[in-house]
Amino acid sequence: MAKAGSTTTKVAKKNLVIVESPAKAKTINKYLGSDYEVHASMGHVRDLPERGISVDIENKFEPTYEITPGRKKVVNTLKAAAKKCDQLYLATDLDREGEAIAWHLSKILGFPEDKTNRVTFNAITRKDIQEAFAAPGKLNIDKVMAQQARRILDRIVGYQISPLLWKKIASGLSAGRVQSVAVRMIVEREKQIRAFKPEEYWLIPAIFTTDLDKNYTDEWQKFIIPKSQDDKGPTLEEKSDWLARRHAFQAELHKINDRQFHAPDKAAADAIFQALKSAKFSVSDVQTKRSSSRSMPPFITSTLQQVASTKLGFSTQRTMRIAQQLY
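Remember, it's a predicted structure, so these values are computed and weren't measured experimentally.

**Concerning the environment of L253**
In this structure, L253 sits in the loop between β10 (248–252) and β11 (255–256). You can call L253 buried: its relative accessible area is 19%. A C-alpha to C-alpha distance of 9.8 Å links L253 and F273, two positions 20 residues apart in sequence. Ignoring sequence-local partners within four residues, the contact set of L253 consists of I204, F261, I272 and L276.

**Some thoughts on the layout of surface pockets**
Rolling a probe over the atoms, with the probe sized like a water molecule, indicates the empty space that remains. Considering only enclosed or pocket space, the largest pocket measures out at about 1,300 Å³ in volume. For the lining of the largest pocket, the secondary-structure elements that each account for two or more residues are β9 (205–209), α7 (217–224), β10 and α9 (266–277). Ranked by residue count, the leading element in the lining of the largest pocket is β9, at five residues. A per-class count over the lining of the largest pocket returns 17 nonpolar, nine polar and seven charged. As a volume, the second largest pocket reaches approximately 240 Å³. What lines the second largest pocket is W103, S106, K107, F111, P112, E113, T116, K138, L139 and I141. With three residues, helix α3 (residues 96–109) is the largest single contributor of residues to the lining of the second largest pocket. For the lining of the second largest pocket, the residue count by class is five nonpolar, two polar and three charged.

**Regarding a nonpolar patch on the surface**
On the surface, W166, I169 and L173 cluster together to form a nonpolar patch covering roughly 320 Å² of accessible area. Inspection of the secondary structure puts L173 in the loop between α5 (141–168) and α6 (179–195).

**Quick word on helix α10 (residues 301–312)**
For α10, which comprises twelve residues, the first-to-last C-alpha distance of 16 Å matches the rise-based estimate of 16 Å (1.5 Å per residue) to within 8%. Just beyond α10, the residue with positive phi is G313, at close to 75°.

**A word on the pattern of salt bridges**
Scanning the model with the defined rule gives 13 salt bridges in all. Residues K115 and D86 are paired through a salt bridge, measuring 3.0 Å at the closest nitrogen-oxygen approach. Of this pair, K115 sits in the loop between α3 and β8 (116–118) while D86 sits in strand β7 (residues 85–90), placing them 29 residues apart in sequence. Owing to a relative accessible area of 30%, D86 belongs among the partly exposed residues under this scheme.

**Description of unusual backbone geometry**
Peptide bonds are mostly trans, and most non-glycine residues show a negative phi. The residue M42 is not glycine, and still its phi comes out positive at about 65°. Structurally, the position occupied by M42 is in the loop between β2 (36–40) and β3 (46–47). We classify M42 as partly exposed; its relative accessible area is 39%.

**Quick look at the sheet that holds strand β1 (residues 14–19)**
Pairing is parallel in the open sheet, where four strands are placed in the order β2-β1-β7-β8. A single partner strand is all that each edge strand has here, and the edge strands are β2 and β8. Between one strand axis and the next, the sheet turns by 25° as a mean value, whatever way the strands run. Contacts between helix α2 (residues 72–83) and the sheet are confined to β1, β2 and β7, with β2 contributing the most and set at about 165° to the helix.

Basis of the calculations
Residues numbered from 1 in each chain as written. Predicted model: local features only at pLDDT ≥ 70, side-chain atom pairs only at ≥ 80, totals over all residues. Heavy atoms only, no water. Helix = DSSP H or I, 4+ residues; strand = E, 2+ residues; numbered from the N terminus. Buried < 20%, exposed > 50% of the residue type's maximum accessible area, 1.4 Å probe, protein only. Contact = heavy atoms within 4.5 Å. 1 Å grid on protein atoms, 1.4 Å probe; cavity = no way out; pocket = protein on both sides within 12 Å on 5 of 7 lines; lining within 4 Å. Points joined across faces, edges and corners; volume = space filled by probe spheres on them. Nonpolar A, V, L, I, M, F, W, Y, C, P; charged D, E, K, R; others polar. Patch = residues over 30% accessible without salt bridge, like charges linked within 9 Å, V, L, I, M, F, W, Y side chains within 5 Å. Areas by Shrake-Rupley, 256 points an atom, 1.4 Å probe, with all protein chains shown as cover. Salt bridge = Lys/Arg side-chain N within 4 Å of Asp/Glu carboxyl O. Expected span 1.5 Å × (residues − 1). Pairing = 2+ DSSP bridges. Axes fitted to C-alpha atoms, helices over the stretch in contact; angles between N-to-C directions.

By themselves, these observations are geometric and do not establish any function.
What follows is the structure in C-alpha cells.
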C-alpha cells in the first residue's frame, strides 16, 4: 500500500531490435534513439545438429534444431533483453538467409506474433533506417521455407551420399545437393559427346551491301580471321558494328529452288558456290516487326560471364578477375 502523498511511476518498456553484425547494431542504435535497444545475433543462432541427419524423413521432413555452438551466450543475452521489451523488430539481412535467422530468433525468443515485426532496408543511413522502422512488416514465410528446404536437402544428400563416396572411392570426399546433380549432368553430357558421330556439312555465307561498287569480301575475311591462337576473333557485337558502318548485312544460303540447301562435302559446296558467283541477287521481301523487351535482371555470376564472353570476348578467368577487382 502506497503512503499518502507518494506517486508510483511506471517505466515504459523499450523496443528490442536485432540485427546480424555488431557494427550495424552500433550505427542503427544512434539513428533510433533511447526508445530502442539494439543487439546483434552474430549470424545464425539455431541450426541442425552437426551429428546425425536430424531430419525426420518419414514425417514430412520435419527438422530438429538446436542452438548453434558458440551462440548460447548471445541467445541468453537476447532472451534477457526480450523480457524488458514490448515490441520485437527483426532487422536481419533481407535475403533468405536473413529471413531464416529472423524466423529462428522469433522462435527462440517466443515473442507474440502481433508484437513481432520484420524490418528490411538497403542502406544504413538515418533516412533509410527511420523509414523502415516507421513501416515494419511481417516475416516472409516463403523465404524462410526456401532456406529451410535448401538446408534440409544439404543435410539429406550430404549425410547419405558422402559415406558412400568414402566407401567406394576415397575417404574425405563430400557430396552436396548442387555438386552431386552437377556431376551427374556432366557425366551424362560427356556420354553424349563420346557417342556423337561427326557428320560433314558445308555452309555458304555471303556479305551483301547496297553500295554496288564495293566488294567487301577480302576485307571481311581479314576482319573475322583470329589474329593469333589465343584470339577468338571479333564478337557478335563487333561484327554487327562492322557491317552497319558499311551499310551491309550477312546472309547464308538457305534454299535452292525451294529445297533445303545441303552440301555433304567440299565438291558439292564448290559446285553450288561457283554457280552463285555469277548470279544476280535482289531483296524480294522486307519484314518489319515491332518488339519490346524488358530490362534485364541484375547479373549473377553465370550471366555476367555469358555476356562478357558474347559482347566483349572475355574468358571466364578474365571476367572473374575484373569482377574481383571491382569488388
